Amino acid sequence: MSTEITWEDPYCGEGNNCFRIGTDPTGNAHIAVTGREDSPLTDTHEALRAFILNIKAGKADHLL
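Quantities reported herein were computed from a predicted structural model and do not represent experimental measurements.

Caption draft 1: Local environment of the pattern of salt bridges. Inspection of every chain in the model, using the stated rule, returns 1 salt bridge. Note that Arg20 is salt-bridged to Glu37, the shortest N-O span being 3.1 Å. Of this pair, Arg20 sits in strand β3 (residues 18-23) while Glu37 is found in the loop between β4 (28-33) and β5 (41-44), placing the two residues 17 residues apart along the sequence.

Printed below as a string of structure tokens:
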């Protein structure tokens, strides 16, 4: 049984590096590369929120 994911419009940084964020009716959040929505990273809304806040705080800057 597949879960219906409602995807946001793609976010594109440079070139073809596009990601999509989506939610489902069970309260999960999903992140996928545009065009690969069939294999998303899935976790809770709280985990996605923590992930985004940490990125905004600069905790992933060393990866740039």
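Caption draft 2: Geometry of the pairing of β4. Sheet topology places β3 next to β4; 5 bridges connect them, and they run antiparallel. The residue bridging Thr23 from the neighbouring strand is Ala29, located in β4. The hairpin turn running from β3 into β4, its antiparallel successor, is 4 residues long, and Gly27 in that turn takes a positive phi close to 95 degrees. Note: β4 against β5, 4 bridges, orientation antiparallel. Within β5, the residue paired with Ile31 across the bridge is Leu41.

What counts and how
- Residues numbered from 1 in each chain as written.
- Predicted model: local features only at pLDDT ≥ 70, side-chain atom pairs only at ≥ 80, totals over all residues.
- Heavy atoms only, no water.
- Salt bridge = Lys/Arg side-chain N within 4 Å of Asp/Glu carboxyl O.
- Helix = DSSP H or I, 4+ residues; strand = E, 2+ residues; numbered from the N terminus.
- Pairing = 2+ DSSP bridges.

In short, the description is geometric, and any link to function would need to be established separately.
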